[in-house]
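An overview of the molecular structure
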Amino acid sequence: MTTHTQNRTARTARLRTLSLTALATTAAAAAALTLTSTSAHAAETKQPTAPAAPTTGDSRPGGSGYANNLDGWIKESLAIMKAKGIPGTYEGLHRNIMRESSGNPNAQNGWDVNAQKGTPSKGLLQVIQPTFNAYHVNGTAHSLTDPVANITAAANYAADRYGSIDNVNSAY
């Protein structure tokens, strides 16, 4: 292959990667906008730092008392974080979850550098297994894709690296 052909091939590969990244980012943003109405988002950003009292009728295994949905997972994580001294707010967690997974606890990144190395990012906050293992918080499930364990471990990691999940405004 000539140098010109190699350069063109390299440029084409970079453009494909950038295009895929842009498509993935656009799709995540569109999903977030679809899943969160403006009024719902405004109400959620006004959530206090401390979680609300648990409710009854929990459908999560183990009967935590929190709803088995994104709101409940965040509130349960905040209660654990508060007990363990891990900083973070509802708004900071929600903002990062929506950017990373659009609220899908089964989300998996199959294309980034971690995935290429055989360790894909998974869950609500797109954590890799080694990071989850290192920052797992006792009292949560030992499962990377468990929503509460994923949120709490990611918040613990963000606290160690950035001071709080609230300080994270991009992939981390």
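Residues numbered from 1 in each chain as written. Predicted model: local features only at pLDDT ≥ 70, side-chain atom pairs only at ≥ 80, totals over all residues. Heavy atoms only, no water.

Identification of the chain as Transglycosylase SLT domain-containing protein from Streptomyces sanglieri is taken from an unreviewed UniProt entry.

**Here we look at the pattern of salt bridges**
Applied cut-off: Think of a salt bridge as a Lys or Arg side-chain nitrogen and an Asp or Glu carboxyl oxygen that are within 4 Å of each other. Counting from the N terminus, the helices are the DSSP runs of H or I reaching at least four residues and the strands are the DSSP runs of E reaching at least two.
The tally for this structure, following the rule as stated, stands at three salt bridges. The residue Glu-91 makes a salt bridge to Arg-95 at a minimum N-O spacing of 3.4 Å. Of this pair, Glu-91 and Arg-95 both sit in helix H4 (residues 90–101), four residues apart, roughly one helical turn.

**Observations regarding unusual backbone geometry**
Quick note on the threshold: With a 1.4 Å probe rolled over the protein chains alone, any residue whose accessible area is under 20% of its type maximum counts as buried; one over 50% counts as exposed, and the rest are partly exposed.
Of note, Ser-102 is a non-glycine position whose phi angle comes to about 55°, a positive value. The residue Ser-102 is located in the loop between H4 and helix H5 (113–116) in this model. Positive phi, close to 50°, is recorded for Gln-126, a residue that is not glycine. Relative to the elements of secondary structure, Gln-126 occurs in the loop between H5 and helix H6 (129–135). Given the relative accessible area of 14%, Gln-126 is considered buried.

**A closer look at the confidence of the model for the chain**
Stated formally: One number per residue, pLDDT, summarises how confident the predictor is, and it ranges from 0 to 100. By definition, residues are in contact when any of their heavy atoms lie within 4.5 Å.
Confidence in the prediction for the chain averages 77 pLDDT; 62% of positions are at 70 or higher. Under a pLDDT of 50 for its full length, residues 17–59 has, in the predicted model, 42 contacts with residues more than four places off or in other chains.

**Observations regarding the packing of helix H3 (residues 70–84) against H4**
Rules: Working convention: axes come from line fits to C-alpha atoms, limited for helices to the stretch in contact. Angles between N-to-C directions cover 0 to 180 degrees. Angles below 35 degrees are treated as roughly parallel, those above 145 as roughly antiparallel, those between 65 and 115 as roughly perpendicular, and all remaining angles as oblique. Should the near helix be turned anticlockwise from the far one by less than a right angle, the crossing is termed left-handed; should it be turned clockwise, right-handed.
At a closest axis distance of 10 Å, the pairing of H3 and H4 adopts a crossing angle of 130°. When the axes of H3 and H4 are compared, the pair comes out oblique. Handedness of the crossing formed by H3 with H4: right-handed. Of the residues in H4, those touching H3 at Leu-70, Asp-71, Ile-74, Lys-75, Leu-78 and Met-81 are Tyr-90, Leu-93, His-94, Ile-97 and Met-98.

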